[in-house]
Amino acid sequence: MSMSRPPYRAAALMVAVVLAGYLASLAPTVTFWDAGELIAAARTLGIPHPPGTPLFVLVAHVWGMLLPIGNYAWRLNLFSASCAALASGCWFLVAHDSVRRMGIDADGVARSRLAVGAGIAAVLLTAFGYTTWQNSTETEVYSTAMLLVAIVAWIAVRWREARTTDQGSRLLLMALYLGGISIGNHLLALLVGPALVVMLMVEARRDPLGDAQLRRSEWARIAIVGSIWLLLIALGLGNTTLTIVTGVLALGAAGLGVRARQSAFAAVAFLIVAVGVSTYLFLLLRARQGPWINEADPSTWDALLGVVRRAQYPVRTPLDDPTVLHGVGNPGRSLALLGFQLANYAQYFDWQWAKSIGPTVPSPPWRIIVSLLFAALGVIGAARQQRTDRGGFALLGTLFVVTGLGLVLYMDFKPGPSIGWDRWTQLTDHEVRERDYFFVASFVAWGVWAAIGAAELSRIAVRRAGVTRWSAGYAVLAVALLPVVLNWKAASRQGNPDETFAQDFARALLQSVPPGGILFTYGDNDTFPLWHAQAVDGIRRDVSVVCLALAETPWYMRQLRDGRPDPVDRTGLAAVWRDVQAPTVTWPLFEMDDASIAGFTPFLATQDLVMHLPDSLVAHVAKDEAIYGKDAVALEILQQNAGRRPIAWSVTAAGRLFGLQPHLVMQGLALVLPMVPPDSTGLSQGLSQDPSSPRIDLEATRRLASESWRYGRLLDARSGTLDPTNAAMAATLALPMVQAGAGYFLRGDTAKSVSLLERAARLTQDSTPMVLLRMIRGKQ
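Residues numbered from 1 in each chain as written. Predicted model: local features only at pLDDT ≥ 70, side-chain atom pairs only at ≥ 80, totals over all residues. Heavy atoms only, no water.

Undergrad: Looking at this structure, how should I read the layout of surface pockets?
TA: Rolling a probe over the atoms, with the probe sized like a water molecule, indicates the empty space that remains. The volume enclosed by the second largest pocket comes to roughly 650 Å³. What lines the second largest pocket is a set of 25 residues, among which Trp292, Gln559, Leu560, Gly563 and Arg564 lie closest to the centre. When contributions to the lining of the second largest pocket are tallied by element, the ones reaching two or more residues are α22 (528–535), β2 (544–547) and α23 (554–562). Counting residues per element, the lining of the second largest pocket draws most heavily on α23, which supplies five residues. By residue class, the composition of the lining of the second largest pocket is 12 nonpolar, six polar and seven charged. (1 Å grid on protein atoms, 1.4 Å probe; cavity = no way out; pocket = protein on both sides within 12 Å on 5 of 7 lines; lining within 4 Å. Points joined across faces, edges and corners; volume = space filled by probe spheres on them. Helix = DSSP H or I, 4+ residues; strand = E, 2+ residues; numbered from the N terminus. Nonpolar A, V, L, I, M, F, W, Y, C, P; charged D, E, K, R; others polar.)

Undergrad: I would appreciate a short explanation of the nonpolar core in the present structure.
TA: In globular proteins that are soluble, nonpolar side chains generally tend to be buried together. One finds Trp91, Leu638, Trp649 and Leu733 to be the most contacted residues of the largest nonpolar core, which totals 242 residues. It is helix α4 (residues 72–100) that provides the largest number of residues to this core, a total of 17 residues. Non-local contacts of tryptophan 649, meaning those with residues more than four positions away in its chain, are made with Leu519, Phe520, Leu638, Arg656, Leu657, Phe658, Leu660, Leu664, Leu669, Ala670 and Leu671. (Core = buried A, V, L, I, M, F, W, Y, C linked by side-chain atoms within 4.5 Å. Buried < 20%, exposed > 50% of the residue type's maximum accessible area, 1.4 Å probe, protein only. Contact = heavy atoms within 4.5 Å.)

Undergrad: What am I meant to see in the sheet that holds strand β11 (residues 695–697) here?
TA: The strands that make up a sheet pair up through hydrogen bonds in the backbone, lying either parallel or antiparallel. Taken in spatial order, the seven strands line up as β2-β1-β7-β9-β8-β11-β10 in an open sheet, and their pairing is mixed. What marks the edges here is a single partner per strand, and that holds for β2 and β10 (683–684). When strand β1 (residues 518–521) meets β2, the two strands line up parallel, connected through four bridges. Each residue of the ladder has a partner; that of threonine 521, found in β2, is cysteine 547. (Pairing = 2+ DSSP bridges.)

Undergrad: How should the packing of aromatic side chains be read in this particular structure?
TA: Aromatic ring pairs: the centre-centre distance and the angle between the two ring planes describe each pair. The full count for this structure, using the stated rule, is 32 aromatic pairs. Between phenylalanine 349 and tryptophan 446, the ring centres sit 5.8 Å apart and the planes meet at 85°, which makes this aromatic pair edge-to-face. With phenylalanine 349 in helix α15 (residues 335–354) and tryptophan 446 in helix α19 (residues 440–464), the pair connects residues that are 97 residues apart, well separated along the chain. By relative accessible area, which is 11% here, tryptophan 446 ends up buried. Across from the ring centre of tryptophan 351, 4.7 Å away, lies the NZ or CZ of lysine 355, which sits over that ring. Lying over the aromatic face of tryptophan 587, arginine 644 brings its terminal NZ or CZ to 3.8 Å of the ring centre. (Phe/Tyr/Trp six-rings, centres within 6.5 Å; stacked < 30°, edge-to-face > 60°. Lys NZ or Arg CZ within 6 Å of the ring centre and 35° of its normal.)

Undergrad: How should I be thinking about the confidence of the model for the chain in this particular structure?
TA: Detailed reading of predicted coordinates is not advised where the pLDDT is low. Mean pLDDT over the chain stands at 92; residues scoring 70 or higher make up 98%. Within the model, pLDDT remains below 50 along residues 105–109, and this stretch shows nine contacts once partners closer than five positions in the same chain are excluded. (pLDDT = per-residue confidence, 0-100.)

Undergrad: So what exactly am I meant to see when it comes to the environment of leucine 190 here?
TA: If you trace the backbone, leucine 190 turns up in the loop between α8 (166–182) and α9 (192–206). Its relative accessible area of 2% is what places leucine 190 among the buried residues. A sequence separation of 40 residues divides leucine 190 from leucine 230, and the C-alpha atoms of the two residues are 9.2 Å apart. Apart from the residues lying within four places of it in its own chain, the contact partners of leucine 190 are Gly179, Ser182, Ile183, Trp229, Leu232 and Ile233.

Undergrad: How should I be thinking about the packing of α8 against helix α12 (residues 263–277) in this particular structure?
TA: The relative placement of two packed helices comes down to the angle between their axes together with the axis-to-axis distance. In the contact formed by α8 and α12, the axes pass within 7 Å of each other and the chain directions differ by 30°. As far as their axial angle goes, α12 and α8 are roughly parallel. Remark: the crossing between α8 and α12 carries right-handed chirality. Taking contact as the criterion, the partners of Ser169, Leu172, Leu173, Leu176, Tyr177, Gly180 and Ile181 in α8 are, on α12, Phe265, Val268, Ala269, Ile272, Val273, Val275, Gly276 and Val277. (Axes fitted to C-alpha atoms, helices over the stretch in contact; angles between N-to-C directions. Parallel < 35°, antiparallel > 145°, perpendicular 65-115°, else oblique. Left-handed = near helix turned anticlockwise from the far one by under 90°.)

Undergrad: What exactly am I supposed to notice about the packing of helix α26 (residues 698–708) against helix α28 (residues 750–763) here?
TA: For the pair α26 and α28, the least separation of the axes is 11 Å and the interaxial angle reads 50°. As summarised for this structure, α26 and α28 are arranged oblique, according to the angle between their axes. Classified by chirality, the crossing of α28 by α26 is left-handed. Residue-level inspection shows Glu699, Arg702, Ala705 and Ser706 of α26 in contact with α28, the latter providing Lys752, Leu756 and Arg759. Here the contact of α26 with α28 is built from residues that sort into two nonpolar, one polar and four charged.

Undergrad: Looking at this structure, I do not really get the state of the cysteines. What am I missing?
TA: Linking two cysteines covalently via their sulfur atoms produces the bond known as a disulfide. Counted according to the given criterion, the structure contains zero disulfides. Note on cysteine 90: no disulfide assigned, nearest cysteine sulfur contributed by cysteine 83 at a separation of 11 Å. (Disulfide = S-S within 2.5 Å.)

Undergrad: When you look at the side chain of serine 98 in this model, what are you seeing that I'm missing?
TA: Locating serine 98 in the fold gives a position in helix α4. Within the structure, the side chain of serine 98 is placed 2.9 Å from the side chain of aspartate 389, a separation counted as a polar contact. For serine 98, the residues in contact, after removing those within four places along its chain, are Gln385, Asp389 and Ile452. (Polar contact = N/O pair within 3.5 Å; in protein donor to acceptor, adjacent residues only side chain to side chain.)

Undergrad: How do you make sense of α12 when you look at a structure like this?
TA: Note: α-helices contain 3.6 residues per turn, so residues at a spacing of three or four share the same orientation. Its 15 residues place the ends of α12 21 Å apart at the C-alpha level, agreeing with the 21 Å of an ideal helix rising 1.5 Å per residue. Buried within α12 are the following residues: Phe265, Ala266, Ala269, Ile272, Val273 and Gly276. Down the axis of α12, the buried side of the element spans an arc of 140°, and every buried residue falls inside it. Residues of α12 that are exposed and angled more than 90 degrees away from the buried face: Ala264 and Leu271. Contacts made by the buried residues of α12 are with α8, α10 (212–237) and α11 (240–259). (Expected span 1.5 Å × (residues − 1). Arc of directions from axis to C-beta.)

Undergrad: Quick question: what am I supposed to make of the pairing of strand β5 (residues 617–621) here?
TA: Residues in a regular strand point their side chains to alternate faces of the sheet. By the alternation rule, side chains of β5 split into Leu617, Ala619 and Val621, which are all buried, and Val618 and His620, of which none is buried. Counted along the chain from strand β4 (residues 609–613) to the antiparallel partner β5, the turn is three residues long, and its residue aspartate 615 has a positive phi close to 60°.

Encoded structure:
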């Protein structure tokens, strides 16, 4: 087929349409999970959790600096949206090219018009699938990864028409460069490599070049691309053995290239890949400067390799039972577990087209019908493409299999939070959240097939049923618009009750801590939004946040020890703390030296351990209890700071309090060990009558909830309308209000009790506040 100019203007127009749709549903601020960490890292040129994503941090930092509109979180959310919109333009071009190759002029349908229709459908189905849409309206690495996937897919398609020219070689080199830089963003983008190579091989075999030397040269280039891409995957995984093996393969392919007069191509391929991978040098150099966020501290070559290898995470192989720790005693992956994993994937596929219809589980009949429609369209499109465009079929088919079934087999996830509870009954047996975003590339590939399938059905309708071309086009558009309409409510982050909730929760948690305090948090959702609040919004930087999940790692222990909080800014304090004395912190959080930190290993207490603190306080660890790194850090912090700084546990992190419960006071979202014991007249036991449980500072909690905390639109709707993460965090926000409401009720102050309980009832699905309200009203 002769060279032709792709319809870039039409693709650009669709990019603008998609971006407009994303803007109408964009998160206006930070969201839960990784977004807070990524935004804070981009703002401070910091290093987020392994594998560090240096490319994302660098590009996002420049984007946020050059776009002087909106708050910083909104700017980076717009960055994700822009990447996803550009990716949809590439899928327009891929679908357009494939349909254009169908050769159907004899059927009486204008080939170019049908191809444009397929491209438009591909844009809508790939951009507004549920998972893609969710990824595209918050700050995450997946939109950037999918843009790289889409560009490489378009390069593969375009290469077919330029394979005999110098442009063809340059396109392959560009694909390799994108593969190289993708390591610095997310390994998902590398999974387009097998699809690229399989397509190159299919095209070279199906339509061999006429000259023998040209054929040898082309196969040499394909071998170089394929072997170097395997090397990139090995480098991305940080697997030394695999790196050596694939490195030898790449050198062997380079030797073939020399023999086939492709030595320049081989040399440039290795060079540009090295340039792409070099983004990881940023981690090494920046870590040595001690940025505000410096996860895993990759300031040495060994530490950098540990980041690439994700060494701080538990080992899990594709052969393991993921609900059991790796090693001796792991029973291995069973067929039953694999069945649940495949069912999880089918569940995520079902969400892509009409997530707003009905509950997540079980899938309602109408959503199943819509999913079956798109499953059928995908099968029709794949079948048609297999007959008329073998190279395009190889591209999409390989991408679908590798990023769908391939990832199911390789990632070996635990059952998702919404499946398998009859067999796996413990919370730890399930993933902490749904993992649909890992499979997003397979959903996109299916969306392109469904677009081609819709175009094929319209062609058949025009040819055999006498349907007009315009009617057929409208039908294709209507089908492609279904995900836009049927996913909007579930995927949109704007105008929802929880649109600012992560930011509001972070503010509420930080403002619950007295001036100059220390705050223990649990994990991602009660830590990353706080990092964003402190690093980006400058809120309560006088609070030392201690994430207990990270406190198991030596690098984090060292950073906690060496860090210092900012002086107290009284203008930024909640009103309840304005007149409270604040310490001037000049001492470290604790004093373990590097050798002690590096040499620490968990152990069982061989006897009851007692730590005497100021004001006759005693921290206690019972005999035979395990002491982990986070416990050692907490005990060291208590010893160094009790009586000198307020020490608080977030209510989300109150699992282990070392027997200090009777001395702790709930003040908002924090259980506080204050510098000075509070006046007991303002305290209550709340719902609990156990004298050994923490008491509640009624007035401080009431004032925080009514004067300082922000709720956005959260009080406008019942918590049942929230997704599981936001619903759980909303219930957490309601907890101190319920406790304080109960305390005021027991004291006979029904007005304050009712005010707190009514607000709490809007935030939680727990029945306690409504039960208390009925009791109060029954006595009035």
